[in-house]
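The chain contents come next:
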Amino acid sequence: MGKLDFRAWLFHLRFTKIEMSEINVQLNDGPAAQVAAPITVAEALKKLDRETAKQALAARVNGREVDLAFTLAEQQNGEAIKIEPVLPESLEGLDVLRHSTAHLLAAAVLDLFPGTKLGIGPALLDDPRYGFFYDVITPQALTEADLPVIEKRMRQIASRNLSYRRDEIPKAEALRIFQERDEPLKRELIDEKAGETVSVYYIDNSPFIDFCLGPHVPNTNKLKAFKLLSLAGAYWKGDATKPQMQRIYGTAFFTQEQLDAWLKQREEAEKRDHRRLGKELDLFSIQDAYGQGLVLWHPRGGAIRKEMEDYLREQLAQRGYGLVFTPHIAKRELWQRSGHEETYGDVMFSPMELEETQFRLKPMNCPFHIGIYKSAQHSYRDLPLRYAELGTCYRAELSGTLHGLMRVRGFTQDDAHIFCTPETVRGEIIDCINFAFALLGAFGFDKFKIELSVRGDGTTNKYLGSDEDWQRAENALVEALEGQGLAYERMEDEAAFYGPKIDIKVEDAIGRLWQLTTVQFDFNMPERFELEYIGEDNKPHRPLMIHRALFGSMERFFGVLIEHYAGAFPMWLAPVQVAVLPITDRANEYAEKVGAELRRAGLRVETNLKSEKIGAKIRDSQMQKVPFMLVLGDREMEQGNVAVRERAKGDIGVMSTSDFVEMARKLVEMRALTNT
Ligand SMILES: [Zn+2]
Ligand SMILES: [Zn+2]
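For clarity, every value in this text was computed on a predicted model and none was experimentally measured.

Reading the values: rules and limits
- Residues numbered from 1 in each chain as written.
- Chains lettered and ligands numbered in written order.
- Predicted model: local features only at pLDDT ≥ 70, side-chain atom pairs only at ≥ 80, totals over all residues.
- Heavy atoms only, no water.
- Donors = N, O, S within 2.8 Å, 3.2 Å for Na, K, Ca; no water.
- Tetrahedral: all angles 85-135°; square planar, octahedral: opposite > 155°, others 65-115°.
- Helix = DSSP H or I, 4+ residues; strand = E, 2+ residues; numbered from the N terminus.
- Buried < 20%, exposed > 50% of the residue type's maximum accessible area, 1.4 Å probe, protein only.
- Pairing = 2+ DSSP bridges.
- Axes fitted to C-alpha atoms, helices over the stretch in contact; angles between N-to-C directions.
- Parallel < 35°, antiparallel > 145°, perpendicular 65-115°, else oblique.
- Left-handed = near helix turned anticlockwise from the far one by under 90°.
- Contact = heavy atoms within 4.5 Å.
- Nonpolar A, V, L, I, M, F, W, Y, C, P; charged D, E, K, R; others polar.
- Core = buried A, V, L, I, M, F, W, Y, C linked by side-chain atoms within 4.5 Å.
- Expected span 1.5 Å × (residues − 1).
- Arc of directions from axis to C-beta.
- Salt bridge = Lys/Arg side-chain N within 4 Å of Asp/Glu carboxyl O.

> Describe in detail the coordination of the zinc ion (ligand 1), supporting the description with residues and values.
Around the zinc ion (ligand 1), the protein supplies His-99 (NE2), His-103 (NE2), Cys-212 (SG) and His-216 (NE2) as donor atoms, at distances of 2.0 to 2.3 Å. Of note is the zinc ion (ligand 1), whose four donor atoms meet at the metal with angles of 99 to 131° in an arrangement that counts as tetrahedral. Donor residues binding the zinc ion (ligand 1) come from one chain and are separated in sequence as H-x3-H-x108-C-x3-H. A residue pair is termed long-range when its members are at least 10 positions apart, and His-103 in helix α4 (residues 91-112) and His-216 in the loop between β12 (209-211) and β13 (225-235) qualify at 113 residues. Judged by its relative accessible area of 1%, His-103 is buried.

Spelled out as structure tokens, the structure:
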């Protein structure tokens, strides 16, 4: 049914006198039944499957989301009306649940603070921090102390098992209702968005009414596990010139157990927050005076960055990549030719001009690597060519979307572009995947989720490239994954417009997934830049091009790493690997000697000669999460030994300096993930 048909049908349902008749309904592709109409979706579901009917939160009727109270009156073209229940434990179900809870929140606020003006209140599914919000202007500004009070009122309303009721009213009537209720923001929305009739929702016997398309749960009884989380400032429509509002954040789940588990993870995540740890451990800073989203790596963060780069460079050399270096800016025409200006223009920094030529900062490295490829003729014998670069890119992300190291404006990709023939592409993909696993594993990630994003069916016009190209590329990716026995999830219609891709997400220490590695085909750029190689047949051919980044961005990976280890890095990554702590001033000279010996062995050492008690020095190193502390007193000095303390285990005994050096070096060389 098309959009217009559906509207006509709804209109028909509402405004024609409906006579009793028999209609056919069907549960998904399952059981069907003939029922007397009109009948609500809830009743029809009961006749199809009692258990499902009990569970359902809403439904899709012939593909359209509706409430369970939606009335079915007649079928079209004699075909059975298809009902798909929206069930708990599905993303769609969570959306309905959270959106309905946002309404409950608004009802509680209105109940407690009459005169409140409401903005919008959507569900959030992608934000790991929150599940929904509602923007409000209360007569007196809210404080954090109001949240438990509002939450309590939400529970009271929920326990009364009130119905969510939808109504369709003429626009003029809707405007009048919200005028009467002195809700100017809702009026503004209706003015802008509504058609001739307006869909409104009530929570019966509560002061709440909303302009909303739904669907919602049938009654407040379905809302059992929710929590209000925080309060933030917000502007109406995100516009600083518009009225200032307060945003109440909360979340909701299907069960209390799910909510509790999530709250625990959230608490754990807060302890690991890389922005806090970054400051405490002196790893990096982002300072407003330099620009939001621009990262300053401090020496201790720099030490970790160096280890990341060293590992990468070693591997690149072993795996036959050539290291390239390219500028941060290029002529604007280049970005026009590459298509970046067209498709990425809104995240590129504005052009700058010199001698009547315009330049733009690079949002990606690809065109530069293409420039290197194009600088010479290539035969099939030269391919594959693999160019790798730690390329620093700039993207004009809006300030509201920036988040610590996770989302920034300037970042360095561990980027590479592989130019190859159709014959070698499968092997290249396999190498990329193996490389990714080796790298992610080396940094301590051992749980992965792989997604294969493909074009899907019936939407071919938004994708570039021929069907043959796509099929071949997809086959190469599938064969590479399946040949390695890797489980993956197929994501239909999620490919980049220029080609299919494999994304690898890692699971961190507290079970969160982070998207890091990406391996992508590109049919677009070889075409735009007319790339060629001479084939065995002596004729020119287009090479295939693969973009791949394993860390993704160095900044983001660093952020994930900080949170994964909660700042307690394994020995080889730790910014300070050994702290040398003399017990008294008498041992200072010996401490400096030991420190120098460790440094000569390539270890990162800090010698603490402050005149503090040894307990304070140990505490300080412990706070800095230094893997090993060497405690030096008179006895150690006389015997040329060190008393070793390990970060997690405490004292592990006295040994000679050279034995300690050997042990420490081994841990570093092996890139060991634990200190045992
Ligand atoms: Zn709603
Ligand atoms: Zn690229």
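What follows picks up the thread again.
> Just give me the short version of unusual backbone geometry, but keep the residues and values in it.
Residues apart from glycine generally show negative phi values, whereas peptide bonds are mostly found in trans. Cis peptide bonds are those with omega within 30 degrees of zero, and the linkage from Ala-37 to Pro-38 qualifies with 0°. One can find Pro-38 in the loop between β2 (32-37) and β3 (39-40). Between Gly-214 and the following residue, Pro-215, the backbone shows a cis peptide bond with an omega angle of 0°. Mapped onto the fold, Pro-215 is located in the loop between β12 and β13. Here the phi dihedral of Asp-282 falls at roughly 55°; this positive angle occurs in a residue that is not glycine. Following the sequence through the fold, Asp-282 ends up in the loop between α9 (274-280) and β15 (284-285). Here Asn-538, not a glycine, exhibits a phi torsion of approximately 65°, which is positive.

> Break down the pairing of β2 for me, citing the residues and quoting the values.
Both strand β1 (residues 21-27) and β2 contribute to a ladder of six bridges, which runs antiparallel. The partner of Glu-22 across the bridge, within β2, is Ala-36. Linking β1 back to β2 in an antiparallel pair, the connection comprises four residues, with Asn-28 at a positive phi of about 45°.

> A description of the packing of helix α10 (residues 299-318) against helix α17 (residues 554-565) should follow, citing residues and the corresponding values.
Where α10 contacts α17, the axes come no closer than 11 Å and their chain directions differ by 110°. By the angle class used here, α10 and α17 are roughly perpendicular. Judged by the sense of rotation from one axis to the other, the crossing of α10 with α17 is right-handed. Mapping the contact onto sequence places Gly-301, Ile-304, Arg-305, Met-308 and Glu-309 in α10 and Met-554, Glu-555, Phe-557, Phe-558 and Leu-561 in α17. Grouping the constituent residues of the contact of α10 with α17 by class yields six nonpolar, one polar and three charged.

> Requested: an account of the nonpolar core, with residues and values cited.
Taken as a class, soluble globular proteins show a tendency for nonpolar side chains to be buried jointly. Grouped together as the largest cluster of nonpolar side chains are 69 residues, with contacts concentrated most on Ile-429, Phe-443, Ile-502, Phe-521, Phe-557, Leu-561 and Phe-569. Ranked by residues supplied to this core, first place goes to helix α14 (residues 425-442) with eleven residues. Dropping the residues within four chain positions of it, Phe-569 is found in contact with Leu-283, Ile-304, Leu-561, Ile-562, Ala-574, Pro-575, Pro-627 and Arg-647. Leu-57, Ile-157, Ile-203 and Phe-254 belong to the second largest nonpolar core, which has 36 residues in total.

> Residues and numbers for helix α21 (residues 657-669), please.
The end-to-end C-alpha separation of α21 is 18 Å, in line with the 18 Å expected for 13 residues at 1.5 Å each. Among all positions of α21, only Thr-657, Phe-660, Val-661, Ala-664 and Leu-667 are buried. One side of α21 holds all its buried residues, which, seen down the axis, span an arc of 130°. Away from its buried face, by an angle of more than 90 degrees, α21 presents the exposed residues Glu-662 and Glu-669. Buried positions along α21 lie against β30 (578-582), α18 (588-600), β32 (628-632), β33 (641-646) and β34 (650-656). In the stretch just after α21, Arg-671 is the one whose phi turns positive, near 50°.

> Tell me about the pattern of salt bridges, and please be specific about residues and values.
The final tally for this structure, using the stated rule, is 52 salt bridges. Notably, a salt bridge pairs Asp-182 with Lys-117, separated by 3.3 Å at the nearest N-O pair. In this pair, Asp-182 is assigned in the loop between α6 (171-180) and α7 (184-193) and Lys-117 in strand β8 (residues 117-118), connecting sequence segments 65 residues apart. Looking at Asp-182, the relative accessible area reads 44%, which means it is partly exposed. With a shortest N-O distance of 4.0 Å, Arg-337 and Glu-530 are connected by a salt bridge.

> Provide a residue-level description of the coordination of the zinc ion (ligand 2), including the pertinent values.
Donor atoms from the polypeptide that coordinate the zinc ion (ligand 2) comprise Cys-366 (SG), His-417 (NE2) and His-547 (ND1), at 1.9 to 2.3 Å from the metal. Every donor residue of the zinc ion (ligand 2) comes from the same chain, spaced as C-x50-H-x129-H. Of this pair, His-417 sits in strand β22 (residues 410-420) while His-547 sits in strand β29 (residues 544-553), placing them 130 residues apart in sequence. Taken as a pair, His-417 and His-547 share a single burial class, namely buried.

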